[in-house]
2 protein chains.
Amino acid sequence: MTEIEARKDAASRAARLDAVFAALADPTRRAIIERLSRSEARVTEVAEPFHMSLNAVSKHIRVLEASGVVERRRKGRDHILSINTHSLDEVDGWIERMRRYWEGRLDAMERLLRELKTDYKLGPKDRRPKDRKHGPR
Amino acid sequence: MTEIEARKDAASRAARLDAVFAALADPTRRAIIERLSRSEARVTEVAEPFHMSLNAVSKHIRVLEASGVVERRRKGRDHILSINTHSLDEVDGWIERMRRYWEGRLDAMERLLRELKTDYKLGPKDRRPKDRKHGPR
């Protein structure tokens, strides 16, 4: 891959992440995703539980389609909506990477706390040479 | 919890999810989070790698602070930024719940595919009674 291709690739990956995160930043759209996670459904079925016009729900559905999270296919006169299960892989990957960083830091903090506790227990008052255990470094 | 309290609680949880997802829907803000995931840093250190004004980066930082993902504390004349590692727990929980749904569906699909394959291998041409293994249901 040339440098220009690599940059285009990174840019389109970033644009996809932007679109998916923006699509998720709304409670109605998240509720639509939750509904479609249970089973695919017709547009009217998806709209039914919401206290808003079909037109308003349709706008949210179009945002979800543009982000790639929701797909639409025609079945006779019906429009069937379903989740594209791969669309959140990149988002999930990003969150997962951040989590690994944090867990690494939290683990390091935990180790530090354990060491501090041990040092406290073996503090000046109680410290005797035989209490010190030196393992291989 | 009364019904009104429960509704307020759900509404504020939804508002927090909205804010965090919206904060993540921008490549500069995601890059700032990645930077701070490695270590806390001063505002000027965070701004340094970006080809934009300190003012532009500061605006992004304020969005991240408003969402609760980034925290700021003063240390003498410096403003130190760090990640609030708990802020993404709710987002992570939501994505995780969706993933469980999907994995359940993908597992079901896989089982179906395996059954179809087995049926294909043991199709009309080859099917003999002794090929059928009946385990406990």
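It should be emphasised that the depicted structure is a prediction, and the values quoted were computed from it without experimental measurement.

Peer 1: Which residues make up the relation of the copies chain A and chain B, and what values do they have?
Peer 2: When chain A is fitted onto chain B, the two copies agree to an RMSD of 0.2 Å after a turn of 180 degrees and an axial shift of 0.0 Å. Both copies of the chain, as the preceding transformation shows, are related through a two-fold rotation axis. In this assembly, 100% of the residues forming the interface of chain A have copies in chain B that are likewise at the interface, indicating an isologous arrangement.

Peer 1: Any details on the sheet that holds strand β2 (residues 70-75) of chain B? Residues and values, ideally.
Peer 2: Residue and element names in this part refer to chain B. Read across the sheet, three strands follow the order β1-β3-β2 without closing on themselves; strand pairing throughout is antiparallel. Of all strands in the sheet, those with a lone pairing partner are β1 (41-42) and β2, marking the two edges. Sitting on the sheet, helix α2 (residues 27-38) is in contact with β1, β2 and β3 (78-83), with an inclination near 95 degrees to β3.

Peer 1: Lay out the packing of aromatic side chains in plain terms, naming residues and giving numbers.
Peer 2: Using the criterion set out here, one finds three aromatic pairs over all chains in the structure. On the basis of an interplanar angle of 35 degrees and a centroid distance of 6.2 Å, the ring pair of F21(A) and F21(B) is categorised as tilted. Pair noted here: F21(A) is in helix α1 (residues 3-24) and F21(B) is in helix α1 (residues 3-24), and the two residues belong to different chains. What makes F21(B) buried here is its relative accessible area of 0%. By way of ring pairs, the aromatic residues F21(A), W94(A), F21(B) and W94(B) are connected into one cluster.

Peer 1: Kindly report on the environment of L36(A), identifying the contributing residues and their values.
Peer 2: Residues and elements named next belong to chain A. Secondary-structure assignment places L36 in helix α2 (residues 27-38). Relative accessible area serves as the criterion here: at 0%, L36 is assigned to the buried category. As a C-alpha pair, L36 and D107 span 71 residues in sequence and 37 Å in three-dimensional space.

Peer 1: I'd like a description of the sheet that holds strand β1 (residues 41-42) of chain A, backed by residues and values.
Peer 2: Whenever strands of a sheet pair, they do so through backbone hydrogen bonds, lying parallel or antiparallel. Residues and elements named next belong to chain A. Judged by pairing direction, the sheet is antiparallel, and its three strands sit side by side in the order β1-β3-β2 without closing on themselves. At either end of the open sheet lies a strand with only one pairing partner, and these are β1 and β2 (70-75). The sheet contacts of α2 involve β1, β2 and β3 (78-83), and relative to β3 the element is tilted by about 95 degrees.

Peer 1: If you had to explain helix α4 (residues 54-67) of chain B to someone new, which residues and values would you point to?
Peer 2: Residues and elements named next belong to chain B. Taking 1.5 Å per residue as the helical rise, α4 with its 14 residues ought to reach 20 Å, and the 20 Å between its terminal C-alpha atoms agrees with that figure. By the burial criterion, the buried members of α4 are V57, S58, H60, I61, L64 and S67. Contact partners of the buried residues in α4: α1, α2, α3 (43-47), β2 and β3. Phi for G68, located one or two positions after α4, is positive at around 90 degrees.

Peer 1: Please give an account of the packing of α2(B) against α4(B) that cites residues and values.
Peer 2: Residues and elements named next belong to chain B. At a closest axis distance of 10 Å, the pairing of α2 and α4 adopts a crossing angle of 75 degrees. One element, α2, and the other, α4, form an angle in the roughly perpendicular class. Of the residues in α4, those in contact with T28, R29, I32 and I33 of α2 are V57, H60, I61, V63 and L64. When grouped by side-chain class, the residues that make up the contact of α2 with α4 number six nonpolar, two polar and one charged.

Peer 1: Can you tell me about the interface of chain A and chain B, naming the residues and giving the values?
Peer 2: Taken together, the contact pairs 30 residues of chain A with 30 residues of chain B. Each partner contributes to the roughly 3000 Å² buried at the junction of chain A and chain B, and carbon and sulfur atoms together form 63% of this total. At the boundary of chain A with chain B, the tally comes to four salt bridges. Residue D18(A) pairs with R30(B) through a salt bridge whose shortest N-O separation is 2.9 Å. At the boundary of chain A and chain B, one finds eight residue pairs in polar contact (both at pLDDT 80 or more). At the level of elements, α1, α2 and α5 (89-121) of chain A are the ones that each hand at least two residues to the side of chain A that touches chain B.

Peer 1: Summarise the pairing of β3(B); cite the residues concerned and give the values.
Peer 2: For a regular strand, side-chain orientation follows a simple rule: the groups alternate between the two sheet faces. Residues and elements named next belong to chain B. Pairing of β1 with β3 involves two bridges; the strand directions are antiparallel. Bridged to R42 within β3 is I80. Pairing between β2 and β3: six bridges, direction antiparallel. Bridge pairing in β3 places R72 opposite L81.

Peer 1: I'd like a description of the pattern of salt bridges, backed by residues and values.
Peer 2: Applying the stated criterion across every chain, the model contains 16 salt bridges over all chains. Here R42(A) and D78(A) are joined by a salt bridge, their closest N and O atoms 4.0 Å apart. In this pair, R42(A) is assigned in strand β1 and D78(A) in strand β3, connecting sequence segments 36 residues apart. Its relative accessible area of 32% is what places D78(A) among the partly exposed residues. A salt bridge links R42(B) to E45(B), with the shortest nitrogen-to-oxygen separation between them at 3.8 Å. Take R42(B): its relative accessible area is 33%, and that puts it in the partly exposed class. Overall, E45(B) belongs to the partly exposed group, its relative accessible area being 34%. Connected through shared salt-bridge partners, R42(A), E45(A) and D78(A) make up one network.

Definitions and cut-offs
- Residues numbered from 1 in each chain as written.
- Chains lettered and ligands numbered in written order.
- Predicted model: local features only at pLDDT ≥ 70, side-chain atom pairs only at ≥ 80, totals over all residues.
- Heavy atoms only, no water.
- Least-squares fit on C-alpha atoms with pLDDT ≥ 70 in both.
- Contact = heavy atoms within 4.5 Å.
- Pairing = 2+ DSSP bridges.
- Helix = DSSP H or I, 4+ residues; strand = E, 2+ residues; numbered from the N terminus.
- Axes fitted to C-alpha atoms, helices over the stretch in contact; angles between N-to-C directions.
- Phe/Tyr/Trp six-rings, centres within 6.5 Å; stacked < 30°, edge-to-face > 60°.
- Buried < 20%, exposed > 50% of the residue type's maximum accessible area, 1.4 Å probe, protein only.
- Expected span 1.5 Å × (residues − 1).
- Parallel < 35°, antiparallel > 145°, perpendicular 65-115°, else oblique.
- Nonpolar A, V, L, I, M, F, W, Y, C, P; charged D, E, K, R; others polar.
- Buried area = accessible area lost by both parts, 1.4 Å probe.
- Salt bridge = Lys/Arg side-chain N within 4 Å of Asp/Glu carboxyl O.
- Polar contact = N/O pair within 3.5 Å; in protein donor to acceptor, adjacent residues only side chain to side chain.

Remember that the coordinates give geometry; whether it matters functionally is a separate question.
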